[in-house]
Number of protein chains: 2
Amino acid sequence: MLNISILTIGDEICIGQIVNTNAAWIAAQCTSLGAKVIKHTSIGDEKNVIINEINDLMRISDFVLVTGGLGPTHDDITKPVLCEFFDDVLVENKDTLDHVEQFFVSRKRAFTERNRMQALLPSKCKPLRNDCGTAPGMLFEYEDKVLISMPGVPTEMKFLMNTWVLDLIKNEIIKRKFSITKFKTLNTTSIPESFLADLIGNPEEFLDGGSLAFLPSASGVKLRIGVESDSFESAEMEINRIKDIIYSKAGKYIYQEDDLPLAYAVGELLKSKGLTLSVAESCSAGLLGSEICSVAGSSSYFLGGIICYSNESKKRELNVSPATLESYGAVSSETAFELAKNARERFDTDFALSITGIAGPDGGTDDKPVGTVWFGLADRTETITEKYWFAADRNANRERAVNYALAMLLKKIK
Amino acid sequence: MLNISILTIGDEICIGQIVNTNAAWIAAQCTSLGAKVIKHTSIGDEKNVIINEINDLMRISDFVLVTGGLGPTHDDITKPVLCEFFDDVLVENKDTLDHVEQFFVSRKRAFTERNRMQALLPSKCKPLRNDCGTAPGMLFEYEDKVLISMPGVPTEMKFLMNTWVLDLIKNEIIKRKFSITKFKTLNTTSIPESFLADLIGNPEEFLDGGSLAFLPSASGVKLRIGVESDSFESAEMEINRIKDIIYSKAGKYIYQEDDLPLAYAVGELLKSKGLTLSVAESCSAGLLGSEICSVAGSSSYFLGGIICYSNESKKRELNVSPATLESYGAVSSETAFELAKNARERFDTDFALSITGIAGPDGGTDDKPVGTVWFGLADRTETITEKYWFAADRNANRERAVNYALAMLLKKIK
């Protein structure tokens, strides 16, 4: 297999100021080509630390993909460090200089001496044109290894990966006749990890060299099958064999394949049946609508919704009766019921979901502790409500509540 | 300084199936105590790879914090691996067994043989009670180093960190009289990185041993000052000295300190002035409301909003005139204007923000390419609109649009 390491350079990752979404994205792309991502490392902006790490990763990997430290300011040290590692010097690269100048001209911004420095590149690297920014990617070949350095800005990194790097990796796998790994994820819902494991039994009895992983997530446990093979075709066949066995043991808990959000499964079902959806959101404050519309093409089934954060807006926008709010409170089956029913009527949709709860940190009572959430689901004939208690923090609560509501709808449509 | 490494075990991180949010959270907590996080590593579920990595990290770190691989299924191999590394054996731990049994009883779930295995722990470890799950944390002391193993489920990891680990780190820093590092972030908006760097000039002239980093983000460039010192008090003084110099050079672009979202700065201003806000969202579909309400206490200034995803709902819910939609389209200054103005009137708030744009991937035209977004901002006397073109993908567009709208409001209130 083609072994790939991902190195992220930058104090901001090391100290936890930002989450390393780049590494996950890069890893997922490389994995989909059949390459094996063996390691992610994040280190700070220190010359010797970076050089040691590059050394270690070059030893164990065929490709080392580096992001970060290529900006125009003094704390961006990746270029001089790569010069030292590859025993190289910086020279002005004509094509890159033209590109950077053009980049500023087209944006009607002044081209400064600092920007000109972006065109200084190690002489031994092959520059990879970056249409989304001023710092090009840099490819170094070293014995039979490849190191590619990219900017840390996600849009720029993604452009370079999509335009240059993924093709290089694909070709290398073919050229060197490497075996590949293929994965398949089956998403389950409404069953705890240990019960699912008991249902499936000892995986060694049917895996035959493949792998099976259990991944708890906000929407349920994911089962990931992995198979190594000479070709995608034979891997696919082996995955299907294992998949059939798992379906025969736990099929009724599997609602979707592949790493797609619950909103995608819901969207596909609504689209295929020509049904429409609206929402009424209190504590989730728009997160449910936003999650539904994270799926491209959602405008064909999602018509809109009401964010009724205040009690006043629950009454005015969705006709929740003052008596309901007074007798049962905003976080109650009765309020969730009226919210869903009235949103559905208002938007004239086939379904409406409502969420009303206590996200925290304040507002909890003995009776309704922080994390108590009521859900409503209306269709053209009835409205049902459910309660769930989420123990975690404010923003985790909101995210899990959104997943709960989507799972409720999924069950209903199915 | 106390050096900390973070090791994440699990194929799901390595192959990019999930983003490593744990490492960032752990790093941020440790950094806030003054410790130095020197490295994050993520590796797969392979025994020898894990043992080698633990070996490397123990060599360079005072604390190694490990997450993952402690679940109840066959692919969770951290416990046997730790046994091998520390030359230890698994024994049943009475306190842990009681805790696991109690955990299942209180949730009215059957206690199975598989769950009982969670109480098997390496004999040399000190168990750290986990109130949020069944796998306890495990603390190993080895020469003058400490390794702590925690589950990968974020709520369980956070419970263990908050209840046990952070205090241990704090005490170790005091006991061993380590120096500490303190950071301060200044958030700028509306100025590109290279121009900000030119304004600030050569940081070496005023840093005096401290550090200054430039971090581009969706809401603008962040400036991070770092200072190493014997005490938090002297570090604070030194940070204030550097901060004053930066304010004197670029103060007018700084809208907020510390790593808080734009929604927090907006919320604080609204709260302090007793002002209220509502929203009208088309392409962002609730993300703006959701972002505003990610801040605890937002119910005192955010009253609600309309998700008007369909043209029909723009007309019905917010009285956008059919003539406007027909002549100018849903993505236009005129529609953004009516959405903001009418939402403000409807919710009777001091401000209303509207967002209407083409998130993509479809729906773009030559005239209005994907990424075109119109914003409206209404107060009690006027309504203004602005257009921005975001080049990136669907979900990046929506996130950046939300930040743009919040920055627009921030400028207005100030």
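One numbering rule holds for all chains: residues counted from 1, following each sequence as written. To read the labels, note that chains go from A and ligands from 1, taken in the order they are written. Where local features are concerned, this predicted model is filtered to residues with pLDDT of at least 70; where side-chain atom pairs are given and counted, the filter is 80 or more; whole-chain, interface and lining totals use all residues. Excluded from the side-chain calculation are hydrogens and water; included are all heavy atoms of the structure.

**Overview of the overall build of chain A**
For clarity, the threshold we go by: Under the scheme used here, helices are H or I runs from DSSP no shorter than 4 residues and strands are E runs no shorter than 2 residues, and both carry numbers assigned from the N terminus. The buried label goes to any residue with under 20% of its type's maximum accessible area, the exposed label to any with over 50%, and the partly exposed label to all in between, with areas taken from a 1.4 Å probe on protein chains only. In this description, contact between two residues means that some pair of their heavy atoms is separated by no more than 4.5 Å. Accessible areas in this description were obtained via Shrake-Rupley with a 1.4 Å probe; residue shielding takes into account the shown protein chains only. In this charge count, Lys and Arg are treated as positive and Asp and Glu as negative; neither His nor the chain ends contribute. Charged side chains are reduced to one point each, which is NZ for Lys, CZ for Arg, CG for Asp and CD for Glu.
Across its full length, chain A carries 16 helices and 17 strands. Across its three principal directions, the C-alpha atoms of chain A cover 75 × 60 × 40 Å. Considering chain A as a whole, with its 414 residues, one finds that 59% of them fall into the buried category. The contacts of chain A with a sequence gap of at least 6 include a subset with a gap of at least 24, amounting to 67%. Carbon and sulfur atoms make up 50% of the accessible area of chain A, which amounts to about 16,800 Å² in all. When the 45 positive and 57 negative side-chain charges of chain A are each reduced to one mean point, those points stand 4 Å apart.

**Observations concerning the packing of aromatic side chains**
We apply this condition: Stacked, edge-to-face and tilted labels apply to pairs of Phe, Tyr and Trp rings (six-membered ring for Trp) whose centres lie within 6.5 Å, assigned for plane angles under 30 degrees, over 60, and everything in between, in that order. To sit over a ring, a charge needs its Lys NZ or Arg CZ within 6 Å of the ring centre and within 35 degrees of the ring normal.
Under the counting rule described, the total for this entry stands at 18 aromatic pairs over all chains. Taking the centre distance of 6.0 Å and the plane angle of 50 degrees together, the rings of Phe85 of chain A and Tyr142 of chain A count as tilted. In this pair, Phe85 of chain A is assigned in helix H4 (residues 78-85) and Tyr142 of chain A in strand E7 (residues 137-142), connecting sequence segments 57 residues apart. Measuring from ring centre to ring centre gives 6.0 Å for Phe104 of chain A and Phe111 of chain A, while their planes differ by 65 degrees; the resulting arrangement is edge-to-face. Owing to a relative accessible area of 5%, Phe104 of chain A belongs among the buried residues under this scheme. These aromatic residues form a ring-pair network of at least three members: Phe85, Phe86, Phe140 and Tyr142 of chain A. One Lys or Arg, Arg316 of chain A, reaches over the ring of Phe347 of chain B and ends 4.8 Å from the middle of that ring.

**Focus on the environment of Phe347 of chain B**
Assignment of secondary structure puts Phe347 of chain B in helix H15 (residues 333-347). Residue Phe347 of chain B is classed as buried on the basis of its relative accessible area of 3%. Distance from Phe347 of chain B to Gly305 of chain B, taken between C-alpha atoms, is 7.7 Å for residues 42 residues apart in sequence. Beyond its immediate stretch of four places on either side in the chain, Phe347 of chain B contacts Ile307, Ser313, Arg316 and Glu317 of chain A together with Ser278, Leu303, Gly304, Gly305 and Ile306 of chain B.

**Considering the sheet that holds strand E12 (residues 254-257) of chain A**
Residues and elements named next belong to chain A. Quick note on the threshold: Two strands qualify as a pair provided DSSP detects at least 2 bridges between them. Lines fitted to C-alpha atoms define the axes, with helix axes restricted to the stretch in contact, and inter-axis angles between N-to-C directions lie between 0 and 180 degrees.
The sheet built from four strands is open, its strands ordered E10-E11-E9-E12 with antiparallel pairing. Every other strand in the sheet has two partners, leaving strand E10 (211-217) and E12 as the edge strands with one partner each. The average undirected angle you get between the axes of adjacent strands in this sheet is 25 degrees. By the bridge criterion, three bridges tie strand E9 (residues 180-188) to E12 in an arrangement that is antiparallel. Bridge assignment links Leu186 to a residue of E12, and that residue is Glu257.

**With respect to the relation of the copies chain A and chain B**
Superposition of the two copies of the chain requires a rotation about an axis together with a shift along that axis. Note the following rule: For this overlay, a least-squares fit was computed on C-alpha atoms, restricted to residues scoring pLDDT of at least 70 in both copies.
It takes a turn of 180 degrees to lay chain A on chain B, together with a shift of 0.0 Å along the axis; the resulting RMSD is 0.1 Å. Taken together, the rotation angle and the small translation identify this as a two-fold axis. By C-alpha distance to the rotation axis, the residue of chain A lying nearest is Gly286 of chain A, at 1.8 Å. By residue overlap, the copies meet face to face through one surface: 100% of the interface positions of chain A are interface positions in chain B.

**As for the sheet that holds strand E15 (residues 351-357) of chain B**
To summarise the sheet geometry, strands pair through backbone hydrogen bonds and adopt either a parallel or an antiparallel arrangement. With mixed pairing, ten strands are arranged side by side in an open sheet as E17(A)-E16(A)-E15(A)-E13(A)-E14(A)-E14(B)-E13(B)-E15(B)-E16(B)-E17(B). Two strands bound the open sheet, and with one partner strand each, they are strand E17 (383-389) of chain A together with strand E17 (383-389) of chain B. When strand polarity is set aside, the average angle formed by the axes of neighbouring strands in this sheet is 15 degrees. As defined by bridge partners, E15 of chain B adjoins strand E16 (residues 372-378) of chain B across six bridges and the pair is classed as antiparallel. Directly across from Gly357 of chain B, in E16 of chain B, lies its bridge partner Val373 of chain B.

**What about the confidence of the model for chain A?**
Filter applied, for reference: The pLDDT score gives, residue by residue, the confidence of the prediction method on a 0 to 100 scale.
Looking at chain A as a whole, its pLDDT mean stands at 93, while 99% of the residues score no less than 70. Our summary of model confidence lists the complex with pTM equal to 0.85 and ipTM equal to 0.84.

**Some details on the packing of helix H13 (residues 311-318) of chain B against H15 of chain B**
Residues and elements named next belong to chain B. What counts, and what does not: Between 65 and 115 degrees an angle is taken as roughly perpendicular, under 35 as roughly parallel, over 145 as roughly antiparallel, and anywhere else as oblique. Each crossing is labelled by how the near helix is turned from the far one, with a counterclockwise turn of less than a right angle marking it left-handed and a clockwise turn marking it right-handed. The residue classification treats Ala, Val, Leu, Ile, Met, Phe, Trp, Tyr, Cys and Pro as nonpolar and Asp, Glu, Lys and Arg as charged. All others, Gly included, are polar.
Following both chains from N to C, one finds H13 and H15 inclined at 40 degrees, their axes separated by 10 Å at the closest point. By the angle class used here, H13 and H15 are oblique. Between H13 and H15 the crossing geometry is left-handed. From H13, Lys314, Glu317 and Leu318 reach across to H15, where they touch Thr335, Glu338, Leu339, Asn342, Ala343 and Arg346. The class makeup of the residues in the contact of H13 with H15 is three nonpolar, two polar and four charged.

**Focus on unusual backbone geometry**
For Ala285 of chain A, which is not glycine, the phi torsion reads 55 degrees and is therefore positive. In this fold, Ala285 of chain A is placed in the loop between strand E13 (277-281) and helix H12 (287-292). We classify Ala285 of chain A as buried; its relative accessible area is 0%. The backbone of Asp208 of chain B shows a phi angle near 55 degrees, a positive value even though the residue is not glycine. Residue position: Asp208 of chain B is located in the loop between helix H9 (204-207) and strand E10 (211-217). Asp208 of chain B gets classed as exposed once you look at its relative accessible area, which sits at 65%.

**Digging into the domain arrangement of chain A**
To be explicit about the condition: Where a domain begins and ends is set by an automatic assignment or by a domain database.
Looking at chain A, the domain boundaries give domain 1 (3-175), domain 2 (180-257) and domain 3 (270-413). Its C-alpha centre places domain 1 of chain A at a distance of 44 Å from the equivalent point of domain 3 of chain A.

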